[in-house]
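Summary of structural features
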Amino acid sequence: MNREPDNLSYQISMEEDIRDKARLDHEDIVRLNFIRKPGVFLYRRHYRAGLRSHIMEVLNPEDVEREKEGVIINGLRHFPKAIPLKMLRVFRKRFNNLKYAEEELRNVKILEKFLRPDCVARSDEFLVHYARKDQYELIICGLQEYVEGEILDPWSHLDKTYLVSLLSHMGFERHNDSEAIADRWVGGIRENGVKLIEKLKQMIFQTNRVPDLAGVGNLILTRSGNIKLVDINNISRVSFDRTIPIDDRGYPVCDKSIEALSLLERKLIGRSLDGRDIIYNTFLDPLRMKEVKKIETRFHALLTEDRAASGAGQYIHRS
């Protein structure tokens, strides 16, 4: 995918940096100097695109045509939704040099090593030169697996009623044995939740890193009962001192991710939190959580101001 631009003069004349745009469309993507064969796929903005990455659906044009025009089945016209082949992520973050960009790529590889394909949406990351004005700049992109399912929000109830409602949203139809099916499905989710939590804790202890679990939509529950992390662009360092780290946007993502982890453990799998667990002892300390809340409130206030000024995309976290 990385190559010299076909029309360098056009690329140099581009005024707005793609990383600064509030949203992208198909034309923005096919103009990029590192995109090959622009006529093969269609690119459509995904509703979750936000401040950290542009997220674009990579679509088969024929599927989009059927979505628009419909198809006749048994005399009725249906409009099947075009399912993405992949998700293209264009990272907004700027890198001063190759070293920092490579560190970001290493973080993703570490995440995939610990969570494995059943717990994370796999992504082929690539580092390219983005042609802009009179220079080239490093930019990270990823072609990520599309995960179909429902958002699993750690701040929701996570009880059987809630989980079965998500199954219904995914097209589950009730029959005579529906209750037994629902019980098995919920049981499978809880088993997969145990695996996810164990893998995340292992990653924290062995690498001092944790992914962003706090953002709305970062965890997707699939019809098979797997829980997959789809936001892999905000992996933070974990330190067990009193310092409250914030990311490059000013959000206390490390602390909020640990809080989300504790909610999954307590509400999804029904396990009491271990009072001897150094992770929870450190990050769920009441005084620390009070300070984190202040930082989070300040973050959302500044974000609201920025949105009003520039019309930037979504970047939502729960508290």
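Relevant structure appears above.
Residues numbered from 1 in each chain as written. Predicted model: local features only at pLDDT ≥ 70, side-chain atom pairs only at ≥ 80, totals over all residues. Heavy atoms only, no water.

**Section: the packing of aromatic side chains**
- One pass over the full model with this rule turns up four aromatic pairs.
- An angle of 45° between the planes, with centres 6.1 Å apart, marks the rings of phenylalanine 91 and phenylalanine 95 as tilted. Residue phenylalanine 91 shares its accessibility class with phenylalanine 95, and that shared class is buried.
- Ring geometry for phenylalanine 240 and phenylalanine 283: centres 6.0 Å apart, planes at 65°, overall edge-to-face. Of this pair, phenylalanine 240 sits in the loop between β12 (236-237) and α7 (253-268) while phenylalanine 283 is found in helix α8 (residues 278-283), placing the two residues 43 residues apart along the sequence.
- A relative accessible area of 29% means that phenylalanine 240 is categorised as partly exposed. (Phe/Tyr/Trp six-rings, centres within 6.5 Å; stacked < 30°, edge-to-face > 60°. Buried < 20%, exposed > 50% of the residue type's maximum accessible area, 1.4 Å probe, protein only. Helix = DSSP H or I, 4+ residues; strand = E, 2+ residues; numbered from the N terminus.)

**Structural notes on helix α5 (residues 160-169)**
- Buried within α5 we find Tyr162, Leu163, Val164, Leu166 and Leu167.
- For α5, the secondary structure elements touched by its buried residues are β8 (150-151), α6 (178-207), β10 (219-221) and α7.
- With its phi angle positive at about 95°, glycine 171 sits one or two positions after the end of α5. (Contact = heavy atoms within 4.5 Å.)

**Quick word on empty space enclosed by the protein**
- Within this structure, the stated rule accounts for one cavity of 30 Å³ or more.
- Quantified by volume, the largest cavity comes out at close to 40 Å³.
- What lines the largest cavity is Phe91, Glu104, Leu105, Val108, Glu125, Ile140, Ile232 and Asn233.
- By residue number, the principal contributor to the lining of the largest cavity is helix α4 (residues 98-115), which donates three residues.
- Considering only residue class, the lining of the largest cavity consists of five nonpolar, one polar and two charged. (1 Å grid on protein atoms, 1.4 Å probe; cavity = no way out; pocket = protein on both sides within 12 Å on 5 of 7 lines; lining within 4 Å. Points joined across faces, edges and corners; volume = space filled by probe spheres on them. Nonpolar A, V, L, I, M, F, W, Y, C, P; charged D, E, K, R; others polar.)

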